[in-house]
Amino acid sequence: MPAPMAHTGLQEPGLRAEFALVYRPRYESLMADINGVIGEVTSDKLQEIYGYWEASIYPVRWDPGAPMPSKSILSRRFSVFNRDWARRVYLPRNYEDDQTGTTFTVARGLGLNWATLPERLFYQYITNTTDLDLLPAIPNSGDGSALYLSTTRFGDSGGNVVSQSSSWGTVQNVITDCFSVIQRYLDFQNTESQPQWSAADIGKGIKVFHGTDVTLVTQQAAKQMLTHSVVSSTGAAVSNILISAGVPFEFVNSQRITNTNGYFFLKDLPIELRPLFRQVREGMTEQQGNWETSDHTRDTGEPYVQFKSREGWGSAVPLATIRVS
C-alpha cells in the first residue's frame, strides 16, 4: 500500500502553525528564465512529426552559352513523442487532526511544483544528464546530431561547442569566452555555406545558463562598472567590455548545472530558430479522491490529490545555442 503523508508530528494539541509551510513551493518565476530561449507548441496526438527545408539556394553566375544553373533544395523531418507526467499524494485518515491545519494545503502544493517540470526538463536536456524521473534519454536534434556537437557542424570545425578558458577561474576567462561565442555565432553557416547569423541577430542579446560554482566571476564580468584605475598613470577609467560591446549578456545561475560549463542561447528569436521546444499535449490537471469518488478512500479512509500532464521536448536545428566547456 502507498504510504500517506506522515502527520503524526503535527497532532499534539496546542501545536503552533507559524512555520508549518516553510517548504511551501515558491517557483512562480522559473519559466521566465527559459521562455525567451525555448519554443512552445501545442500537440493533439501521441507524437508529432515536424519537417523543415534546408537553406534556400543563392544566385550564381550564368555564363554565355551555358544552361541556366539549377540546384535542388533538400528537406528533413523528425518526431517528438509526448510523455505522461503524474504524481499522487495520499492524505492520512483523520488528517483533520493535524493541529496546523495545513495537510491539505501541503498536498496540493504538488500542483505548484508542476512549474518546475519544464525547467527541470530544460536543464536535463542541455546538460545531457540521466534522471530516472524525467526523459529516459535525450533525443537528437532534427539534423540527426545531439544538441551539442564538438566536431564539424554549421560550417565550423568546432561545431556548437567552444573550449572553455581555465574553467572560468577569472573574470577575464569569462569575458574571453563570451567573445569566443560571439565569434562562433558569426562563423556559423547555413546548408548553403552562407552566414547564418548577423550582428543584428546577436545584438538582441545572449542568455547564459551556468552553475553556482562560477557565480562570482560571472556576476563580476556582467556588472563591474567603470572604476578609477590604480594601474593607469593617467587615472583613466577601465571599461567593462561586455557592456561596451553592445551585446546584452544575461547570466542565469542554477544549481542544476553542477560544473563550470556555460550554455549560451540567442534570445527572442522566431520559434523556428529556437534550439529547443516544448510540445504540450495536455496541460496540468488536478483530480481528488474522496468518500464520494474513490474506492481507495472508502476502503482506507485516506483521501488523495493527484496531478497529471502530457508533453514532449525536442530540438529542430540548434543553431542558436553554444556550449562552453
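Here the structure is a predicted model, which means the values were calculated and not measured.

How each quantity is defined
Residues numbered from 1 in each chain as written. Predicted model: local features only at pLDDT ≥ 70, side-chain atom pairs only at ≥ 80, totals over all residues. Heavy atoms only, no water. Salt bridge = Lys/Arg side-chain N within 4 Å of Asp/Glu carboxyl O. Buried < 20%, exposed > 50% of the residue type's maximum accessible area, 1.4 Å probe, protein only. Helix = DSSP H or I, 4+ residues; strand = E, 2+ residues; numbered from the N terminus. Phe/Tyr/Trp six-rings, centres within 6.5 Å; stacked < 30°, edge-to-face > 60°. Pairing = 2+ DSSP bridges. Contact = heavy atoms within 4.5 Å. Axes fitted to C-alpha atoms, helices over the stretch in contact; angles between N-to-C directions. Polar contact = N/O pair within 3.5 Å; in protein donor to acceptor, adjacent residues only side chain to side chain. Patch = residues over 30% accessible without salt bridge, like charges linked within 9 Å, V, L, I, M, F, W, Y side chains within 5 Å. Areas by Shrake-Rupley, 256 points an atom, 1.4 Å probe, with all protein chains shown as cover. Core = buried A, V, L, I, M, F, W, Y, C linked by side-chain atoms within 4.5 Å. Expected span 1.5 Å × (residues − 1).

Colleague: Go over the pattern of salt bridges, please, and point to the residues and values.
Modeller: Under the counting rule described, the total for this entry stands at 16 salt bridges. Between Asp-63 and Arg-61 there is a salt bridge, with its nearest N and O atoms 2.7 Å apart. Overall, the relative accessible area of 67% leaves Arg-61 in the exposed class. Between Arg-298 and Asp-295 there is a salt bridge, with its nearest N and O atoms 2.5 Å apart. Residue Arg-298 and its partner Asp-295 are located together in helix 8 (residues 295–300), separated by three residues, close to a single helical turn. Judged by its relative accessible area of 52%, Asp-295 falls in the exposed class. Within this structure, Glu-40, Arg-278 and Glu-311 form a network of salt bridges that share partners.

Colleague: Can you break down the packing of aromatic side chains residue by residue, with the values?
Modeller: Scanning all chains against the criterion turns up 16 aromatic pairs. Look at Tyr-148 and Tyr-263: their rings are 5.8 Å apart centre to centre, the planes differ by 55 degrees, and that puts the pair in the tilted class. Separated by 115 residues along the polypeptide, Tyr-148 in the loop between helix 3 (116–127) and strand 5 (161–162) and Tyr-263 in strand 10 (residues 262–266) bring together distant segments of the chain. Each of the two residues, Tyr-148 as well as Tyr-263, counts as buried. Cluster of aromatic residues (ring-pair linked, three or more members): Tyr-50, Tyr-52, Phe-78 and Phe-277.

Colleague: Would you mind going over the sheet that holds strand 5 in detail, with residue names and values included?
Modeller: In spatial order, the strands read 5-13-10-6-9; together these five strands make up an open sheet with mixed pairing. Only two strands of the sheet have a single neighbouring strand rather than two, namely strand 5 and strand 9 (249–253). The sheet strands contacting helix 3 are strand 6 (206–210), strand 9 and strand 10, and the helix crosses strand 10 at an angle near 110 degrees. This element, helix 4 (residues 171–187), spans strand 5, strand 6, strand 9, strand 10 and strand 13 (321–324) of the sheet and lies at about 145 degrees to strand 13.

Colleague: Could you give me a rundown of unusual backbone geometry, with the residues and numbers involved?
Modeller: Positive phi values are uncommon outside glycine, yet Asn-94 reaches one of about 60 degrees. Of note, Asn-94 is situated in the loop between strand 4 (83–90) and helix 2 (103–112). Positive phi is not limited to glycine here, since Ser-166 has a value of about 50 degrees. In this fold, Ser-166 is placed in the loop between strand 5 and helix 4.

Colleague: So what about the side chain of Asn-261? Which residues, and what values?
Modeller: Mapping Asn-261 onto the fold places it in the loop between strand 9 and strand 10. Take Asn-261: its relative accessible area is 13%, and that puts it in the buried class. At a separation of 3.4 Å, a polar atom in the side chain of Asn-261 contacts the side chain of Tyr-263. In contact with Asn-261, other than residues within four places in its own chain, are Gln-164, Phe-209, His-210, Gly-211, Arg-323, Val-324 and Ser-325.

Colleague: Describe a nonpolar patch on the surface, listing the residues and the values that go with them.
Modeller: There is a patch of nonpolar side chains on the surface, built from Trp-53, Ile-57 and Ile-73 and spanning about 310 Å² of accessible area. Looking at the secondary structure, you find Ile-57 in the loop between strand 2 (47–53) and strand 3 (75–81). With a relative accessible area of 34%, Ile-57 lands in the partly exposed category.

Colleague: Provide a residue-level description of the nonpolar core, including the pertinent values.
Modeller: With 30 residues, the main nonpolar core has Trp-168, Tyr-185, Trp-197, Ile-206, Phe-249, Phe-264 and Leu-266 as its most contacted residues. When contributions to this core are tallied by element, the ones reaching two or more residues are helix 4, strand 6, helix 6 (215–223), strand 9, strand 10 and strand 13. Per element, the largest residue contribution to this core is seven residues, and it comes from helix 4. Filtering out sequence-adjacent residues up to four positions away, Leu-266 remains in contact with Gly-36, Val-37, Tyr-185, Trp-197, Ile-202, Gly-205, Ile-206 and Ala-320. Counting 29 residues, the second-largest nonpolar core is a separate cluster that includes Ile-38, Tyr-123, Val-161 and Val-305.

Colleague: Please give an account of the environment of Arg-88 that cites residues and values.
Modeller: Tracing the backbone shows Arg-88 in strand 4. When the C-alpha positions of Arg-88 and Gln-306 are compared, they lie 4.1 Å apart, and in sequence the two are 218 residues distant. Not counting residues within four places of it along the chain, the set of residues in contact with Arg-88 comprises Leu-110, Tyr-304, Val-305 and Gln-306. Among the polar contacts listed, one links the side chain of Arg-88 to the side chain of Tyr-90, at a separation of 2.9 Å. One polar contact links Arg-88 to Gln-306, side chain to side chain, over a distance of 2.5 Å.

Colleague: I'd like a description of helix 4, backed by residues and values.
Modeller: Spanning 17 residues, helix 4 covers 25 Å between terminal C-alpha atoms, matching the ideal 24 Å at 1.5 Å per step. Among all positions in helix 4, only Val-171, Asn-173, Val-174, Ile-175, Asp-177, Cys-178, Val-181, Ile-182, Arg-184 and Tyr-185 are buried.

Colleague: Please provide a residue-by-residue account of the side chain of Arg-184, values included.
Modeller: Position of Arg-184 among the secondary structure elements: in helix 4. In terms of polar contacts, Arg-184 uses its side chain to reach the backbone carbonyl oxygen of Val-161, at 2.9 Å. When neighbours within four sequence positions are excluded, Arg-184 is seen to be in contact with Asp-156, Gly-158, Gly-159, Val-161, Val-162 and Ile-322.

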